[in-house]
Amino acid sequence: MDPLNPAAPDPQAAYDPGPGWQRRYWSIFTGQALSLIGSAMTQFVLLWWITDTTGSAAALGIAGVAALLPQALLSPLGGIFADRYSRRAIMITADVVSAACMLVLISLFASGTVELWHVYTMMFIRSAMQAFQTPAAGASSAMLVPASFLPRAAGLNQSLQGIMTVAAAPLGALAISVLPLGAALSIDVVTALLGVAPLLVYAVPQRRLAREDRTGVLTEFRAGVRVVWGHPGLRRLYLLLGAVVLAVMPTFTLTPLLVKEHFGGGAAQVALMEGLSGLGMIAGGVLIAALNPRRQVVTVLVAFAVSCVTVALTALAPAGAFWLAITWWVVSGAAFTFGNAPMTALLQRVIPNELQGRALSLLNMVMGLAGPAGLALAAPLGEWIGVRGVFIVGGVLSGLAALAGFLSPALLRLDEPDPAGRAG
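Note that the coordinates shown come from a computational prediction; the quantities given were computed from them, not determined experimentally.

**Considering the overall build of the protein**
Then step 1. Scanning the protein from terminus to terminus reveals 14 helices and zero strands.
Then step 2. Reading the secondary structure of the protein in the N-to-C direction produces α-α-α-α-α-α-α-α-α-α-α-α-α-α.
Then step 3. Out of the 424 residues belonging to the protein, those deemed buried represent 50%.
Then step 4. Put simply, of all contacts in the protein between residues at least 6 apart along the chain, 87% involve residues at least 24 apart.

**Brief notes about the environment of Phe322**
Then step 1. You can see Phe322 is positioned in helix H12 (residues 322-350).
Then step 2. Using a relative accessible area of 15% as the deciding quantity, one classes Phe322 as buried.
Then step 3. For the pair Phe322 and Gly265, spaced 57 residues apart in sequence, the C-alpha to C-alpha distance is 8.8 Å.
Then step 4. Filtering out sequence-adjacent residues up to four positions away, Phe322 remains in contact with Val259, Phe263, Gln269 and Met273.

**Topic: the packing of aromatic side chains**
Then step 1. Per the counting criterion, the structure on display carries nine aromatic pairs.
Then step 2. Measuring from ring centre to ring centre gives 5.2 Å for Tyr25 and Trp26, while their planes differ by 70°; the resulting arrangement is edge-to-face.
Then step 3. For Tyr25, a relative accessible area of 4% translates into the label buried.
Then step 4. Among the aromatic residues, those joined into a ring-pair cluster are Tyr25, Trp26 and Phe29.
Then step 5. Note that Arg235 overlies the ring of Trp229, its terminal NZ or CZ placed 5.2 Å from the centroid.

**Points about the nonpolar core**
Then step 1. Within the largest apolar cluster, 42 residues are counted, with the highest numbers of intra-cluster contacts made by Tyr238, Met343, Leu347 and Leu414.
Then step 2. Secondary structure elements with two or more residues in this core: helix H7 (217-229), helix H8 (232-253), helix H9 (255-261), helix H11 (296-316), H12 and helix H13 (353-403).
Then step 3. With nine residues, H13 is the largest single contributor of residues to this core.
Then step 4. What Tyr238 contacts, discounting residues up to four positions off in sequence, is Val228, Leu347, Ile351, Ala359, Leu360, Leu362, Leu363 and Val366.

**Looking at the packing of helix H3 (residues 87-111) against helix H4 (residues 116-144)**
Then step 1. In contact at an axis separation of 8 Å, H3 and H4 are set at 160° when each is read in the N-to-C sense. If you check the angle between H3 and H4, you find them roughly antiparallel. Classified by chirality, the crossing of H4 by H3 is left-handed. Here H3 contributes Arg87, Ile90, Met91, Ala94, Asp95, Val97, Ser98, Cys101, Met102, Val104, Leu105 and Leu108 to the contact with H4, which in turn contributes His118, Val119, Met122, Ile125, Arg126, Met129, Phe132, Gln133, Ala136, Ala137, Ala139 and Ser140.
Then step 2. Broken down by class, the residue content of the contact of H3 with H4 amounts to 17 nonpolar, four polar and three charged.

**Considerations on the side chain of Asp95**
Then step 1. Along the chain, the position of Asp95 falls in helix H3.
Then step 2. Despite its burial, Asp95 pairs with no opposite charge, the nearest such side chain being Arg126 at 7.9 Å.
Then step 3. Discounting chain neighbours no more than four positions away, the residues touching Asp95 are Gln32, Ser35, Gln133, Ala192, Gly195 and Val196.

**Thoughts on the pattern of salt bridges**
Then step 1. A complete count under the given rule lists one salt bridge for this structure.
Then step 2. A salt bridge links Arg126 to Asp188; the shortest N-O distance between them is 2.6 Å. Taken together, the positions of Arg126 in helix H4 and Asp188 in helix H6 (residues 181-201) put the pair 62 residues apart, joining distant regions of the chain. The same class applies to Arg126 as to Asp188, namely buried.

**Some thoughts on the confidence of the model for the protein**
Then step 1. When pLDDT is averaged across the protein, the result is 78; 80% of the residues are at 70 or more.
Then step 2. Least confident of the elements in the protein is helix H5 (residues 150-178), whose mean pLDDT is 70; most confident is H11, at 93.
Then step 3. The model gives residues 418-424 a pLDDT under 50, and that stretch makes 19 contacts with residues more than four places away or in other chains.

**Notes on the side chain of His262**
Then step 1. Mapped onto the elements, His262 comes out in the loop between H9 and helix H10 (267-291).
Then step 2. Here Ala317 takes part through its backbone oxygen, which lies 2.8 Å from a polar atom of the side chain of His262.

**Points about H6**
Then step 1. Between the first and last C-alpha of H6 there are 32 Å, a value that for 21 residues agrees with the 30 Å anticipated at 1.5 Å per step.
Then step 2. Of all the positions in H6, only Ala184, Leu185, Asp188, Val189, Thr191, Ala192, Gly195, Val196, Pro198 and Leu199 are classed as buried.

**Quick look at a nonpolar patch on the surface**
Then step 1. On the surface, a nonpolar cluster with roughly 940 Å² of combined accessible area is contributed by Val302, Val306, Val331, Trp384, Ile385, Val393, Val396, Leu397, Leu400, Leu403 and Phe406.
Then step 2. For the nonpolar patch, the elements supplying multiple residues, two or more each, are H11 and H13.
Then step 3. Considering each element in turn, the nonpolar patch owes the most residues, seven residues, to H13.
Then step 4. Within the secondary structure layout, Ile385 lies in helix H13.

Rules and cut-offs
- Residues numbered from 1 in each chain as written.
- Predicted model: local features only at pLDDT ≥ 70, side-chain atom pairs only at ≥ 80, totals over all residues.
- Heavy atoms only, no water.
- Helix = DSSP H or I, 4+ residues; strand = E, 2+ residues; numbered from the N terminus.
- Buried < 20%, exposed > 50% of the residue type's maximum accessible area, 1.4 Å probe, protein only.
- Contact = heavy atoms within 4.5 Å.
- Phe/Tyr/Trp six-rings, centres within 6.5 Å; stacked < 30°, edge-to-face > 60°.
- Lys NZ or Arg CZ within 6 Å of the ring centre and 35° of its normal.
- Core = buried A, V, L, I, M, F, W, Y, C linked by side-chain atoms within 4.5 Å.
- Axes fitted to C-alpha atoms, helices over the stretch in contact; angles between N-to-C directions.
- Parallel < 35°, antiparallel > 145°, perpendicular 65-115°, else oblique.
- Left-handed = near helix turned anticlockwise from the far one by under 90°.
- Nonpolar A, V, L, I, M, F, W, Y, C, P; charged D, E, K, R; others polar.
- Lys, Arg positive; Asp, Glu negative; His and termini not counted.
- Salt bridge = Lys/Arg side-chain N within 4 Å of Asp/Glu carboxyl O.
- pLDDT = per-residue confidence, 0-100.
- Polar contact = N/O pair within 3.5 Å; in protein donor to acceptor, adjacent residues only side chain to side chain.
- Expected span 1.5 Å × (residues − 1).
- Patch = residues over 30% accessible without salt bridge, like charges linked within 9 Å, V, L, I, M, F, W, Y side chains within 5 Å.
- Areas by Shrake-Rupley, 256 points an atom, 1.4 Å probe, with all protein chains shown as cover.

Okay, structure coming up:
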């Protein structure tokens with residue numbers, strides 16, 4: 001469906017990926033999964049090296065900014081590139097550049113000349129590559145499978161995120177314990193090449209903007225904004241997600257402080273909490289892939305509300321009942337995945353494929369900037385009401401923001417089968 005012309009047919013509904021799509025999809029999915037897991041392991045290895053070398057929270061903070069900010073700021077440009085140029089070429093280039101960055105670091109570690117700014121620079125470049133790779137991969141998945149398989153594909157992607165959450169830290173720690181640092185970092189180079197290999201074999205179908213329809217980058221970014229802002233349902237969904245992230249994101253950063261101050265735990269307890277939450281994410285992804293709910297908007301709103309409210313319940317657990325806090329945290333992870341997967345499938349179905357790169361990258365930017373804004377607000381609030389208060393207020397407010405979506409008829413009509421019903 002063209003969001004600016006609701007009477008137009010839904011381009012994804014009639015799309016047929018052709019025979020053999022299963023082999024092509026699973027080959028590319030597996031390659032990208034290995035690449036992502038390798039990158040997550042390497043991220044842990046680099047952060048541990050910074051921790052072990054400096055023992056400085058400020059150094060880790062700079063590393064976090066280097067790893068996150070470029071992706072948030074460059075996502076709109078990445079989306080424009082994904083709609084304008086070959087998405088397969090973008091994904092290959094991003095993997096190759098990331099692997100090259102790791103080779104540079106390996107050589108610096110081997111020569112004993114590595115410095116902190118080298119690591120920050122490579123993390124910055126790799127984050128910038130993610131800004132281009134993520135919208136290209138997200139928009140490509142809609143063209144690799146039939147429309148009926150989109151919710152399951154989104155569920156599998158969410159399960160992969162859960163696997164990364166569970167496996168990255170222990171696998172990275174294992175690599176450090178049995179391998180020299182350079183060899184541990186080389187794992188990412190190998191997995192990046194495994195991610196590139198299927199893309200060299202299989203074509204990725206794409207509806208690309210015609211050359212005569214291309215304009216300047218800023219103009220195309222504005223066009224992406226107009227696509228979302230001009231569609232009442234999408235506009236309300238983006239605003240809702242920004243509000244949810246603004247309220248709940250600080251809790252994820254403050255989780256170690258909650259565990260230490262309220263439950264009297266340490267790093268092992270934080271790792272246990274996060275690892276089990278990753279298992280919950282996997283379970284949520286598997287469940288959504290199996291159930292494939294038809295009412296996607298309702299599923300998104302209810303699941304996000306549950307995920308946020310259970311964040312508040314985590315902090316409300318008594319100090320001597322850490323097991324209860326873990327239970328609520330796992331439920332929150334599972335519910336988030338149960339809502340995020342159908343939301344991805346919904347966006348892929350509603351937004352025309354040739355515009356998905358810009359629209360999805362705009363969402364990444366909204367959520368990527370809402371998180372730091374929430375942290376800026378939560379810091380003084382935490383001094384006033386304490387870390388438990390931040391969890392309770394953030395969880396309740398974000399849950400109410402998700403439930404507020406039921407007050408928007410335009411948002412609820414997003415998943416109606418009649419395209420005309422999505423207009424207002």
